[in-house]
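Below are the chains, spelled out letter by letter.
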Amino acid sequence: VTGAGGSIGSVVCLEVARFAPQRLVLIELSEFALYTVSQALAERFPSLSITPLIGDAKDLARMREVMCTWRPAVVFHAAAYKHVPLMEANPGEAVKNTVLATYRLATMAHDFHVQSFVMISTDKAVNPTNVMGACKRVAELYVQSLAEKSDTRFVTVRFGNVLDSAGSVV
């Protein structure tokens, strides 16, 4: 799970843990977020093998190392920025973090014959009117294009505002 310590990534980790996978590999750039989610998972699922890894989803060498070492069957790609005004002010970073990271991870999923790749997207990708939505839409289109030619099952899910997540407004 990329973005394992984020508001959506941490929930994905909890849900995946309920199915008792052989191993759950957590990838997160924030040391504190990674520590927090890995401790919560270890407490709730004491028999689960958890591998917390500091890493940036944009870092090609690190992600290749993770794929080579752990050979995941399923990749949940939840690493993302989520604040629209910040992405409007930093469009280059939005492109790198959303488009480039998804391109690299999805391509590796195909190359490493991962069974399934799940991209977490956003409702803002529907007829995008901002940088974040446009970046997510481009990433979705790339994932769709791989789905047409790969043995890997590529799936995109779109979330709206997630209640009780960090920064969520009711």
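Throughout what follows, the structure given in this document is the object of discussion. Numbering of residues begins from 1 in every chain and follows the order in which that chain's sequence is written. Confidence filtering applies because this is a predicted model: local features only for residues at pLDDT of at least 70, side-chain atom pairs given and counted only at 80 or more, and all residues used for totals across whole chains, interfaces and linings. Hydrogens and waters are ignored; side-chain quantities use all the structure's heavy atoms.

### Structural notes on the side chain of Ser10
No. 1: Inspection of the secondary structure puts Ser10 in helix α1 (residues 7-17).
No. 2: For Ser10, a relative accessible area of 19% corresponds to the buried category.
No. 3: Apart from residues lying up to four places away in sequence, Ser10 is in contact with Gly3, Ala4, Gly5 and Val37. Strands are runs of DSSP state E lasting at least two residues, helices are runs of H or I lasting at least four, and both sets are numbered from the N terminus onward. The buried label applies to any residue whose accessible area, calculated with a 1.4 Å probe on protein chains only, is under 20% of its type's maximum; exposed applies above 50%, and partly exposed to all values in between. In this description, contact between two residues means that some pair of their heavy atoms is separated by no more than 4.5 Å.

### Side note on the nonpolar core
No. 1: With 22 residues, the main nonpolar core has Phe117 and Phe154 as its most contacted residues.
No. 2: Elements represented by at least two residues in this core include exactly β1 (24-28), α3 (60-70), α5 (91-111), β4 (116-122) and α6 (131-147).
No. 3: No other element matches α5, which puts five residues into this core.
No. 4: Apart from the residues lying within four places of it in its own chain, the contact partners of Phe154 are Ala106, Ala109, His110, Phe117, Val143, Leu146 and Ala147. Residues enter a nonpolar core if they are buried and are Ala, Val, Leu, Ile, Met, Phe, Trp, Tyr or Cys, with the set joined through side-chain atoms within 4.5 Å.

### A word on the pattern of salt bridges
No. 1: Counted as salt bridges are all cases of a side-chain nitrogen of Lys or Arg within 4 Å of a carboxyl oxygen of Asp or Glu. Counted under the stated rule, the structure contains seven salt bridges.
No. 2: Residue Glu65 pairs with Arg62 through a salt bridge whose shortest N-O separation is 3.3 Å. In this pair, Glu65 and Arg62 both sit in helix α3, three residues apart, roughly one turn of the helix.
No. 3: Overall, the relative accessible area of 42% leaves Glu65 in the partly exposed class.
No. 4: One salt bridge connects Arg158 with Glu140, and the closest N-O pair in it is separated by 2.6 Å. In this pair, Arg158 is assigned in strand β5 (residues 153-159) and Glu140 in helix α6, connecting sequence segments 18 residues apart.
No. 5: With a relative accessible area of 41%, Arg158 lands in the partly exposed category.
No. 6: Looking at Glu140, the relative accessible area reads 3%, which means it is buried.
No. 7: The network of salt bridges with common partners includes Arg137, Glu140 and Arg158.

### Describing the sheet that holds β4
No. 1: Any two strands are treated as partners once DSSP identifies two or more bridges connecting them. Strand order in the open sheet formed by three strands is β3-β4-β5, with parallel pairing between adjacent strands. Each having just a single partner strand, β3 (74-77) and β5 make up the two edges of the open sheet. For this sheet the average axis-to-axis angle between neighbouring strands, irrespective of direction, equals 15°.
No. 2: Where β4 and β5 come together, seven bridges link them in parallel fashion. Residue Met119 lies in a different strand from β5, and its bridge partner there is Thr156.
No. 3: For every element, the axis is a line fit to its C-alpha atoms; helices are fit only across the contacting stretch, and the angle between N-to-C directions ranges from 0 to 180 degrees. Relative to the sheet, α5 contacts β3, β4 and β5, its axis offset from that of β4 by approximately 160°.

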